[in-house]
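Descriptive analysis of the structure
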Amino acid sequence: MIVLSNPMVTRQFDLNSILRDATICISGYFYVVDLGPEVQPRAHHVGKDKRCLCSLGADCPAVSAVAGHLRQGGERTPEPPADYHILAPETCPICGAPAYFEAKLSTRQHGAGWGCSKKGNSHYWQERSRFIAQALAANPWRFPPVVVRDGKQINAWDGILPTDQVLSPGLLRAEIGA
Ligand SMILES: [Zn+2]
Ligand SMILES: [Zn+2]
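All values derive from a computational prediction rather than experimental measurement.

This part covers the sheet that holds strand S10 (residues 152-155). Hydrogen bonding along the main chain pairs the strands of a sheet, whether they run parallel or antiparallel. Spatially, three strands are ordered S10-S9-S11 in an open sheet, and the strand pairing comes out antiparallel. Of all strands in the sheet, those bounded by a partner on one side alone are S10 and strand S11 (165-168). In this sheet, adjacent strand axes meet at a mean angle of 30° when their direction is disregarded. Summarising the sheet, strand S9 (residues 146-149) and S11 pair through three bridges and their orientation is antiparallel. Along S11, the bridge assignment pairs valine 148 with glutamine 165.

Turning next to the pairing of S10. Bridge count for S9 against S10 is four bridges, and the pairing is antiparallel. Across the sheet, arginine 149 pairs through a bridge with lysine 152, a residue of S10. Remark: two residues form the turn of the hairpin made by S9 and S10, two consecutive strands paired antiparallel; aspartate 150 in that turn has positive phi of roughly 50°.

The protein atoms donating to the zinc ion (ligand 1) are His44 (ND1), Cys52 (SG), Cys54 (SG) and Cys60 (SG), with metal-donor distances spanning 2.0 to 2.3 Å. One can describe the donor arrangement at the zinc ion (ligand 1) as tetrahedral, given that its four donor atoms subtend angles of 101 to 115° at the metal. We note that the donor set of the zinc ion (ligand 1) lies within a single chain, spaced as H-x7-C-x1-C-x5-C. Of the two residues, cysteine 52 and cysteine 54, both sit in the buried class.

This paragraph deals with the coordination of the zinc ion (ligand 2). Taken together, the protein donors to the zinc ion (ligand 2) comprise Cys92 (SG), Cys95 (SG), Cys116 (SG) and His123 (ND1), at separations of 2.0 to 2.4 Å. Of note is the zinc ion (ligand 2), whose four donor atoms meet at the metal with angles of 104 to 115° in an arrangement that counts as tetrahedral. In primary sequence terms, the donor set of the zinc ion (ligand 2) follows C-x2-C-x20-C-x6-H. Highlighted residues: cysteine 95 in the loop between helix H3 (61-71) and strand S6 (99-101) and histidine 123 in helix H4 (residues 121-138), separated in sequence by 28 residues. Given a relative accessible area of 9%, histidine 123 falls into the buried group.

Here glutamate 102 is to be found in the loop between S6 and strand S7 (114-116). Those residues in contact with glutamate 102 that sit more than four places away from it in its chain are Gly113, Trp114, Gly115 and Asn121.

Turning our attention to the domain arrangement of the chain. Here the chain is described as being made up of domain 1 (3-71), domain 2 (80-138) and domain 3 (141-176). For domain 2 versus domain 3, the distance between C-alpha centres works out to 34 Å.

In this structure, Val33, Leu35, Val46, Cys52 and Cys60 are the most contacted members of the largest nonpolar core, which totals 14 residues. Counting only elements with at least two residues in this core, the list comes to strand S3 (30-34) and H3. Here this core takes four residues from H3, the largest share from any one element. In this structure valine 46 touches Phe30, Tyr31, Val33, Arg51, Cys52, Ala62, Val63 and Val66, once residues within four positions along its chain are discounted.

Definitions and limits used
Residue indices begin from 1 for each chain and proceed along its sequence in written order. To read the labels, note that chains go from A and ligands from 1, taken in the order they are written. The model is predicted, so local features are restricted to residues of pLDDT at least 70 and side-chain atom pairs to those at 80 or more, both for listing and for counting; the totals for chains, interfaces and linings are taken over all residues. Neither water nor hydrogens contribute to the side-chain values; these are computed over all heavy atoms in the structure. Between any two strands, pairing holds if DSSP finds at least two bridges. Each helix is a run of DSSP H or I of at least 4 residues and each strand a run of E of at least 2, with the numbering of both proceeding from the N terminus. Note on method: axes are straight lines fitted to C-alpha atoms, helices fitted across the in-contact stretch only, with angles between N-to-C directions ranging 0 to 180 degrees. Any N, O or S atom lying within 2.8 Å of the metal counts as a donor, with the limit raised to 3.2 Å for Na, K and Ca; because water is left out of the atom set, some sites can appear incomplete. Only two sets of limits are used to name each site, 85 to 135 degrees for every angle of a tetrahedral four-donor site, and over 155 degrees for opposite donors with all other angles from 65 to 115 for a square planar four-donor or octahedral six-donor site, with any other site named irregular. Under the scheme applied here, a residue whose accessible area is under 20% of the maximum for its type counts as buried, over 50% as exposed, and between as partly exposed, the area being computed with a 1.4 Å probe on protein chains only. For this analysis, residues touch if any pair of their heavy atoms sits within 4.5 Å. In this document the domain limits rely on a domain assignment from an automatic tool or a database. Buried Ala, Val, Leu, Ile, Met, Phe, Trp, Tyr and Cys residues that are joined via side-chain atoms within 4.5 Å together make up what is termed a nonpolar core.

Right under this line is the structure:
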């Protein structure tokens, strides 16, 4: 239930007209929805996960306003990197137990910190190391090998082939722990 600043307005409260008049802009990874002066709080921040930061969460009318905005081809928020949490997850990505926001684990690079209600910070770190392992698998090289292949000097991101003439063996991230 939206709390209205003026009780007189309650009787005339029309959700459809509020949604129609809502203005939406993008701030970082959030849609900022202005529901107009009759609604308190007036500005609502909706994330890509279809939750509003206000106490109504997924039930906030601002979430419907964003859905309408997107249906009409409105601008989308940028995609955060896979290892970035805009908000603390609702459930632990490792074990599925309820998760909570953890301010001291929040960073600019990875967004909102969180903890697991069953295992605390250890599941946060387990997820972080999973992302690091994925990044390593996607690109294991700190510096790729430099080889001559088919008469051309190339960076061998795919590794050294037996037929390559190796100019530099490259450096694996795993070798330097970065
Ligand atoms: Zn809201
Ligand atoms: Zn967990």
